[in-house]
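# A structural walkthrough
Below are the chains, spelled out letter by letter.
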Amino acid sequence: MWCRRLGWLFKAPSQPRGSTGRGLPWLPCDRRTVPAAPARGHHTAPESLKCAWQLHGDHLELRYANTLMRFDFVWLRDHCRSASCYNAKTNQRSLDTASVDLAIKPKAVRVDETTLFLTWPDGHVTRYGLEWLVKNSYEGQKQQVMHPRILWNAEIYRQAQVPSVDCRSFLETDEGLKEFLRNFLLYGIAFVENVAPTKEDTEVLAERVSLIRETIYGRMWYFTSDFSRGDTAYTKLALDRHTDTTYFQEPCGIQVFHCLKHEGTGGRTLLVDGFYAAEQVLRRAPEQFELLSKVPLKHEYVENVGGCHNHMIGVGPVLNVYPWNNELYLIRYNNYDRAVINTVPYEVVHRWYAAHRTLTTELRRPENELWVKLKPGKALFIDNWRILHGREAFTGYRQLCGCYLTRDDVLNTARLLGLQA
């Protein structure tokens, strides 16, 4: 889904760096040891071979599991997993990378059905499992996604019938926590039911999955429409879809909402899957998707109300992607807080506005809007790097609490429970 390459960043060269177009013949993985001799011809491996390899002047080519991989010799020496080069207990490198000769070449190479063996000029032997190489090669990584997801509009989400998790199960069992995190990782939102409607109980809930991120709004925020801060969120007005803290250099990863009391009308919460909308842009106007992922913008928050004095600036594109597979990992969209556009040259700015309009149109399609009424006892977790939220105007007394969570700690919890995150 997000595996289109950014051609502007990684254009494949006509031949590998340092290659003369000649190398040792392609060899099957048949346990033969071959010295790293001077290049002498280039042959294509038979298609029937599951594994074949070829030496070049500065790299090894390996064909395995339908993947053609290229490994620089320095890379192969640097990633050695032997006891003297890598601490398996701490999963940290022991080898001093700066000590590796940039012109290093193996003295001998051998590949069997499962393992690559390299003997270096000093006699050190490096061993790599072929499956490990496929998983960790650039060519293997660009075919994978870092974060599996289910993209949704309102109908897709309703049909999925994603269950809420009971508070007691969430707090007291790994099964309940894992179910919650699985839903959260796939859909970007998740609900916990039967939470006591207090700020203290909401705090306990949040700390189950992560450290709470203290910001300029405090650790646990608790507010009504009292105009106590210089932010539209502290009013009764409707809020258009947006992501929070775009004016932070690293926007907050997860947001927790819990409505403790509402004596009035309106105030429904709007949720939109920003990645779903971006996927539609990618399919219909890939050049606009690329522009939104390349052009950096400033977002700014200036506050001088009472004792609160803040001036925050965050810089980044609207769409943030991993360059090796074009997988979207962060959307920074907030029309309220976008600063003066002074980072874009004249010849690009109009095209950027057109691309932004295309994305905004997708984000505002009624079929993409999921409306939920937050009630006491039902806490909502939102992936602020993916899901846009807003609200309709409301009347009466409305009391909310919540916090931001550190993204790394949420993902850490998920990985410890065996989830891909």
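Note that the structure is predicted; figures quoted are calculated from it, not measured. (Residues numbered from 1 in each chain as written. Predicted model: local features only at pLDDT ≥ 70, side-chain atom pairs only at ≥ 80, totals over all residues. Heavy atoms only, no water.)

## Examining the overall build of the protein chain
Within the protein chain, the secondary structure is distributed over eleven helices and 25 strands. Taking all 421 residues of the protein chain together, the buried fraction comes to 50%. By sequence separation, contacts in the protein chain at least 24 residues apart represent 72% of the contacts at least 6 residues apart. Total accessible area computed for the protein chain in this model is approximately 20,300 Å², and 51% of it derives from carbon and sulfur atoms. (Helix = DSSP H or I, 4+ residues; strand = E, 2+ residues; numbered from the N terminus. Buried < 20%, exposed > 50% of the residue type's maximum accessible area, 1.4 Å probe, protein only. Contact = heavy atoms within 4.5 Å. Areas by Shrake-Rupley, 256 points an atom, 1.4 Å probe, with all protein chains shown as cover.)

## A closer look at the pattern of salt bridges
Proximity of charged atoms lets side chains of opposite charge pair with each other. This model, assessed by the stated rule, comprises 17 salt bridges. With a closest N to O distance of 2.9 Å, Asp240 and Arg364 form a salt bridge. Taken as a pair, Asp240 in strand S15 (residues 239-242) and Arg364 in the loop between helix H10 (346-363) and strand S22 (370-372) lie far apart in primary sequence, 124 residues in all. Salt-bridge contacts for Glu392 lead to Arg268; the nearest nitrogen and oxygen are separated by 3.1 Å. Residue Glu392 is located in the loop between strand S24 (387-391) and strand S25 (397-405), and its partner Arg268 is located in the loop between strand S16 (254-263) and strand S17 (269-273); the two are separated by 124 residues in the primary sequence. Residue class for Arg268 comes out partly exposed when judged on its relative accessible area of 34%. Salt bridges sharing partners connect three or more residues here, namely Asp240, Arg241, Arg364 and Glu369. (Salt bridge = Lys/Arg side-chain N within 4 Å of Asp/Glu carboxyl O.)

## Points about the packing of helix H8 (residues 274-284) against H10
Close contact between H8 and H10 brings their axes to 9 Å; oriented N to C, the two are set at 130 degrees. Judged by the angle between their axes, H8 and H10 are oblique. Every pair of crossing elements has a handedness; the one defined by H8 and H10 is right-handed. Together, Gly274, Ala277, Ala278, Gln280, Val281 and Arg284 of H8 and Thr358, Leu359, Glu362 and Leu363 of H10 make up the contact between the two elements. For the contact of H8 with H10, the residue count by class is five nonpolar, three polar and two charged. (Axes fitted to C-alpha atoms, helices over the stretch in contact; angles between N-to-C directions. Parallel < 35°, antiparallel > 145°, perpendicular 65-115°, else oblique. Left-handed = near helix turned anticlockwise from the far one by under 90°. Nonpolar A, V, L, I, M, F, W, Y, C, P; charged D, E, K, R; others polar.)

## Re unusual backbone geometry
For Asn91, which is not a glycine, the phi torsion comes out positive at approximately 60 degrees. Of note, Asn91 is situated in the loop between strand S6 (86-87) and strand S7 (92-93). In this structure, Asn194 is a non-glycine residue whose phi angle is positive, near 65 degrees. Looking at the secondary structure, you find Asn194 in the loop between strand S12 (189-193) and helix H7 (199-207).

## Details of the packing of helix H6 (residues 174-187) against helix H11 (residues 407-416)
Viewed as axis vectors pointing N to C, H6 and H11 meet at an angle of 120 degrees, and their least axial separation amounts to 10 Å. Taken as axis vectors, H6 and H11 run oblique relative to one another. Once H6 is placed against H11, the crossing between them reads as left-handed. Only Val410, Leu411, Thr413 and Ala414 of H11 make contact with H6, whose side of the interface consists of Leu177, Leu181, Phe184 and Leu185.

## Here's the deal with the nonpolar core
In terms of nonpolar packing, the biggest core is built from 29 residues, with Val318, Leu319, Ile331, Trp352 and Leu359 touching the most fellow members. Looking at this core, the elements that each hand over two or more residues are S17, H8, helix H9 (286-294), strand S20 (319-322), strand S21 (327-331) and H10. With 28 residues, the next largest nonpolar core counts Leu177, Phe180, Ala190 and Ile254 among its residues. (Core = buried A, V, L, I, M, F, W, Y, C linked by side-chain atoms within 4.5 Å.)

## Things to note about the sheet that holds strand S1 (residues 27-28)
The sheet built from four strands is open, its strands ordered S1-S3-S4-S5 with antiparallel pairing. Each edge of the sheet is formed by a strand with only one pairing partner; in this case those strands are S1 and strand S5 (67-72). Strand direction decides the pairing type here: strand S3 (residues 51-55) and strand S4 (residues 59-64), joined by five bridges, are antiparallel. Note that in S4 the partner of Cys51 across the bridge is Tyr64. (Pairing = 2+ DSSP bridges.)

## A short note on the confidence of the model for the protein chain
Predicted confidence across the protein chain gives a mean pLDDT of 89, with 87% of residues reaching 70 or more. A low-confidence stretch, residues 1-16 stays under pLDDT 50, and its non-local contacts, those more than four residues away or across chains, total 40 contacts. Segment residues 38-49 is flagged for pLDDT under 50; beyond a separation of four residues in sequence, or across chains, it makes 25 contacts in the model. (pLDDT = per-residue confidence, 0-100.)

## Quick look at the sheet that holds S22
Taken together, the four strands give an open sheet; going across it, the order is S15-S24-S17-S22, and neighbouring strands pair in antiparallel fashion. Edge strands, defined here as strands with exactly one partner in the open sheet, are S15 and S22. Neighbour-to-neighbour, the strand axes of the sheet open up by a mean angle of 20 degrees, direction not taken into account. Here five bridges tie S17 to S24, and the two strands are oriented antiparallel to one another. When the sheet's bridge partners are listed, Asp273 is paired in S24 with Ile387.

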